[in-house]
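# Architecture at a glance
This is what each chain is made of:
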Amino acid sequence: MRKQFTSSATPLSSSETLPLKMGLRDELLKAIWHAFTALDVDKSGKVSKSQLKVLSHNLCTVMKIPHDPVALEQHFRDDDEGPVSNQGYMPYLNRFILDKVQDNFDRIDFNRMCWTLCARKNLNRNHLLISDDDAFKIWCIFNFLSEDRYPLVMVSEEIEYFLRKLTEAMGGSWIEEKFEDYKLQLSSKHQCLNVWELIELVGMGHFSKGMDRHTLSMGINEVFQELILDMLKQGYMMKKGHKRKNWTERWFLLKPNLISYYVSEDLTEKKGDILLDGNCCVESLPDKEGKKCLFYVKCSDKSFEISASDKKKKQEWIQAIQTSITLLKVGRPAPHHEARQKRRELRQKQQAEQEELELRMRELQTANESKQRELEAMRKKLEEAAANAAEEERRRLQTQSELQDLYRVEMEKEKMVRQQMEEQVAQKSSELEQYLQRVRELENMYHRLEDALEEERQARQDEEAVRKLQARLLEEEVSKRAELEQIHLYQQQTISQTQAEKQELEREQLAKESALQSAMQQLQQLEDDRQGALEQYEEVMKKLADAANNTKSWKDKVAHHEGLIRLIQPGPKYPQKITNWGPAAFTETELSLREKDWQEKKNRAPTLQELSLTPLL
């Protein structure tokens, strides 16, 4: 059987806990754990089977359970000799003892049996100011206030709670600073004590200095009665009898579900119980029969009249009894049980928060360490970067110095080149000025050329007008010639006619001669006009030739000047023809056709002499 009861004691199903409440089971397991630990002499977690037989028999005896030694033998049949180690003692304890126990035994006897087993081995009675009975009561209080985990310990909050109640029970004042100093000493023990350390702490009088042993024992007994025996209040009061109606002094003990009254405070002779439930009530009574501070407790079957010693005691008892009735009505446990549960829940909550905080702190620490590593890596990188930067700065300064030297040399060269460039620019400026002068002259020549071309175009227009006039005169001349030929033919026809008509013809001839004379005059006039047109044409041709010569001279000048500013390009391979309409105005074929047509027209036109020599008939 292992010392650690947690793994084997807690996993119990609801069917296993039906005969016994879970709180009582945990309370019994704590006392049994002390007994088992005391039997484990070498602290190996193992106890011999003979010792377990004795322990099981004693447990069954004090808890009023039929003992079955055969069941223990069968349960540990594979361990006939030596300590029990295979299946363990806890399954047997749950099945054959705890599952069969009823709440009909004396818990004090049960605790004393377990205390006897463990005290002989662990209790050191030297220098203790308390008796064995007081040590037993502290042992019971420890089991009540200890944590539900094994090995059993009492945390600092429960230690403070116990010591505070003990100090108040002894009539002393609680010194918070003194306990805070003691808590600092507990830090090395993880802020907790085991039962033997707690007994030594109280028995050595660390928190009861100035108190005698009797006062300390009374304080321990009062705390024991409140926490273990569930005594909410106790004291002497007067009770009215049911039969003789006399008033008798009794020692009253208030528990969560009953009020017991005894002859005296030594509890040797019990006189009766007042059973409390949710239907009971307590009320104050007016003074009567010479008795003061009266109140009565009304139950379902009877009522009890009680008289307190003073009004304060009366009010305290009424309030305490009403509190018990209220707790019974709502089904809540005794105040100290509820307070213990609340403290445990608060500690569990604080522990969960502490664990969560520690987890978060570990996470933050891990993150911080990671950040520290990152920062260290960054620091190393920065140092390397700083070293690299310093090396780069040194190289940069060296390069800068070299570049400055090179820059000075380049500046000198650039200065010389600038001077040369300035000279070249001055020369180029002079050449540019000459070039601009030539351009201006060329522009002037272009303007004159445009004027000459305009004059040539006007001369061409004049030539075209003269040509048109000449063509019209030629057409008129051809028409007149045709008319004259008609007249000549007609004359010949007239001559071949009869002689009779000769005179008439002569008359007509005279008329014709007259008409011919008139026509000759007109022809002469036309000849004169044609001659004037020819003269005008020759004059125009002369002007055109002058204009062409002028244009040619200007073109030569322009070509000469253009050759100064542009490359001389090769001219056409064939010779260009220059006519009155300009260079290459017509092709060779067109020009030959125009000359041939002109020659034919010229040959067809009769001269004035030919017209005068034409025989008249």
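Residues numbered from 1 in each chain as written. Predicted model: local features only at pLDDT ≥ 70, side-chain atom pairs only at ≥ 80, totals over all residues. Heavy atoms only, no water.

## Focus on the overall build of the chain
Heads up, the condition is: Numbered from the N terminus, helices here are DSSP runs of H or I no shorter than four residues, and strands are runs of E no shorter than two. Contacts were defined at the residue level, with two residues in contact if any of their heavy atoms lie within 4.5 Å. Here the accessible surface of atoms and residues is derived via Shrake-Rupley with a 1.4 Å probe, and residues count as covered only by protein chains that are part of the display.
Within the chain one finds 16 helices and 13 strands. Within the chain, residue pairs in contact and separated by at least 24 positions form 64% of the contacts whose partners lie at least 6 positions apart. Accessible surface for the chain amounts to roughly 39600 Å². Of this, 51% is attributable to carbon and sulfur atoms.

## Overview of helix α7 (residues 132-145)
Defined as follows: Expected helix span is given by 1.5 Å per residue-to-residue step, counting one fewer step than there are residues. Summary of the burial criterion: residues with accessible area below 20% of their type's maximum are buried, those above 50% are exposed, and those between are partly exposed, where the area comes from a 1.4 Å probe applied to protein chains only.
Compared with an ideal rise of 1.5 Å per residue, which puts 14 residues at 20 Å, α7 spans 20 Å between its outermost C-alpha atoms and is within 8% of the ideal. Of all 14 residues in α7, twelve are buried; the element is thus mostly enclosed. Here α7 has its buried residues at Asp 134, Ala 135, Phe 136, Lys 137, Ile 138, Trp 139, Cys 140, Ile 141, Phe 142, Asn 143, Phe 144 and Leu 145.

## Some thoughts on the packing of aromatic side chains
Convention followed: Stacked, edge-to-face and tilted are the three classes for Phe, Tyr and Trp ring pairs, Trp counted by its six-membered ring, which pair at centre distances within 6.5 Å; planes under 30 degrees apart are stacked, over 60 edge-to-face, the rest tilted.
Summed over the entire model, instances satisfying the criterion amount to 13 aromatic pairs. Geometrically, the ring pair formed by Trp 115 and Trp 139 is tilted, given 5.9 Å between the ring centres and 55° between the ring planes. Note that Trp 115 is positioned in helix α6 (residues 107-122) and Trp 139 in helix α7, a separation of 24 residues in sequence. On the accessibility criterion, Trp 115 (7% relative accessible area) is buried.

## Details of the sheet that holds strand β11 (residues 303-307)
To keep it simple, the criterion reads: Following DSSP output, two strands are said to pair if at least two bridges run between them. Where helices are involved, their axes are fitted lines through C-alpha atoms of the stretch in contact, as for all axes, and angles between N-to-C directions lie from 0 to 180°.
Strand order in this open sheet of seven strands is β8-β7-β6-β5-β11-β10-β9, and the pairing throughout is antiparallel. In this open sheet, the two strands that pair with only one neighbour each are β8 (270-275) and β9 (281-285). In this sheet, neighbouring strand axes are inclined to one another by 35° on average, regardless of whether the strands run parallel or antiparallel. Bridging between β9 and strand β10 (residues 294-298) involves five bridges; their strand directions are antiparallel. Within the sheet, the bridge partner assigned to Glu 283 lies in β10 and is Tyr 296. Against the sheet, helix α12 (residues 311-330) contacts β5 (233-240), β6 (247-254), β7 (258-262), β9 and β10, and its axis sits at roughly 160° relative to β9.

## Some remarks on the side chain of Asn 111
Tracing the sequence through the fold places Asn 111 in helix α6. With residues near it in sequence (within four places) discarded, Asn 111 still touches Glu 27, Ala 31, Phe 136, Trp 139 and Cys 140.

## Some thoughts on the pairing of β11
Where β5 lies against β11, two bridges are found, and the strand directions are antiparallel. Bridge pairing in β11 places Lys 239 opposite Ile 306. The pairing of β10 with β11 spans five bridges and is antiparallel. The partner of Leu 294 across the bridge, within β11, is Ser 307.

## A short note on the pattern of salt bridges
Heads up, the rule is: One side-chain nitrogen of Lys or Arg within 4 Å of one carboxyl oxygen of Asp or Glu is enough to make a salt bridge.
One pass over the structure, following the stated rule, counts 38 salt bridges. With a shortest N-O distance of 2.8 Å, Asp 99 and Arg 25 are connected by a salt bridge. With Asp 99 in the loop between α5 (90-98) and α6 and Arg 25 in helix α2 (residues 22-39), this pair connects stretches of sequence that are 74 residues apart. For Arg 25, a relative accessible area of 0% puts it in the buried group.

## Brief notes about the environment of Arg 460
Here Arg 460 shows up in helix α13 (residues 335-495). Along the backbone, Arg 460 and Ala 547 are 87 residues apart, and their C-alpha atoms lie at a distance of 10.0 Å.

## A closer look at the packing of helix α3 (residues 49-62) against α5
Worth spelling out the cut-off: Angular relationships are summarised with four words: roughly parallel below 35 degrees, roughly antiparallel beyond 145, roughly perpendicular across 65 to 115, and oblique for the angles in between. In a left-handed crossing the near helix is turned counterclockwise from the far helix by less than a right angle, and in a right-handed crossing that turn is clockwise.
Following both chains from N to C, one finds α3 and α5 inclined at 30°, their axes separated by 11 Å at the closest point. With respect to each other, α3 and α5 are oriented roughly parallel. Our pair here, α3 against α5, has a crossing hand that is right-handed. In contact with Ser 56, Leu 59 and Cys 60 of α3, α5 contributes Tyr 92, Leu 93 and Ile 97.

## Remarks on the nonpolar core
How we decide: We define a nonpolar core as any set of buried Ala, Val, Leu, Ile, Met, Phe, Trp, Tyr and Cys residues linked to one another through side-chain atoms lying within 4.5 Å.
Formed by 76 residues in total, the largest nonpolar core has its most connected members in Leu 59, Met 63, Phe 110, Trp 115, Trp 139 and Phe 162. The element best represented in this core is α2, accounting for ten residues. Setting aside its immediate chain neighbours within four residues, Trp 139 contacts Ala 31, His 34, Asn 111, Cys 114, Trp 115, Cys 118, Val 195 and Trp 196. One finds Ile 259, Tyr 261, Ile 318 and Ile 321 within the second-largest nonpolar core, a separate group that totals 21 residues.

## A look at a nonpolar patch on the surface
What counts is decided by this rule: Two distance rules govern patches: like charges are joined within 9 Å, and nonpolar side chains (Val, Leu, Ile, Met, Phe, Trp, Tyr) within 5 Å, applied only to residues with over 30% relative accessible area and no salt bridge.
Among the surface-exposed residues, Leu 357, Met 361 and Leu 364 lie close enough to one another that they form a single nonpolar patch of about 300 Å² accessible area. Locating Met 361 in the fold gives a position in helix α13.

## Focus: the confidence of the model for the chain
Do not read the predicted coordinates in detail wherever pLDDT is low. Short version of the rule: One confidence number per residue, pLDDT, is output by the predictor and ranges from 0 to 100.
Taken over all residues, the pLDDT of the chain has a mean of 80, while the share at 70 or more is 86%. The element-level mean pLDDT for the chain is lowest in helix α1 (residues 6-9), coming to 36, with α7 highest at 91. Overall, residues 6-20 carries pLDDT values under 50, and its contacts beyond four positions in sequence, including any with other chains, amount to 24 contacts. Across residues 611-617, confidence stays below pLDDT 50; counting only partners more than four residues off in sequence or on other chains, it has 14 contacts.

## Focus: the environment of Leu 39
One can find Leu 39 in helix α2. Through-space distance from the C-alpha of Leu 39 to that of Gln 51 is 7.2 Å; in sequence the pair is twelve residues apart. Once you skip the residues sitting within four places of it in the chain, Leu 39 turns out to touch Val 47, Gln 51 and Leu 55.

## Digging into unusual backbone geometry
The residue after Tyr 150, namely Pro 151, is reached through a cis peptide bond having omega 0°. Mapped onto the elements, Pro 151 comes out in the loop between α7 and β3 (154-155). In this structure, Asp 230 takes a positive phi of about 55° despite not being glycine. Mapped onto the fold, Asp 230 is located in the loop between α11 (213-227) and β5. Here the phi dihedral of Cys 293 falls at roughly 55°; this positive angle occurs in a residue that is not glycine. With respect to the element layout, Cys 293 can be found in the loop between β9 and β10.

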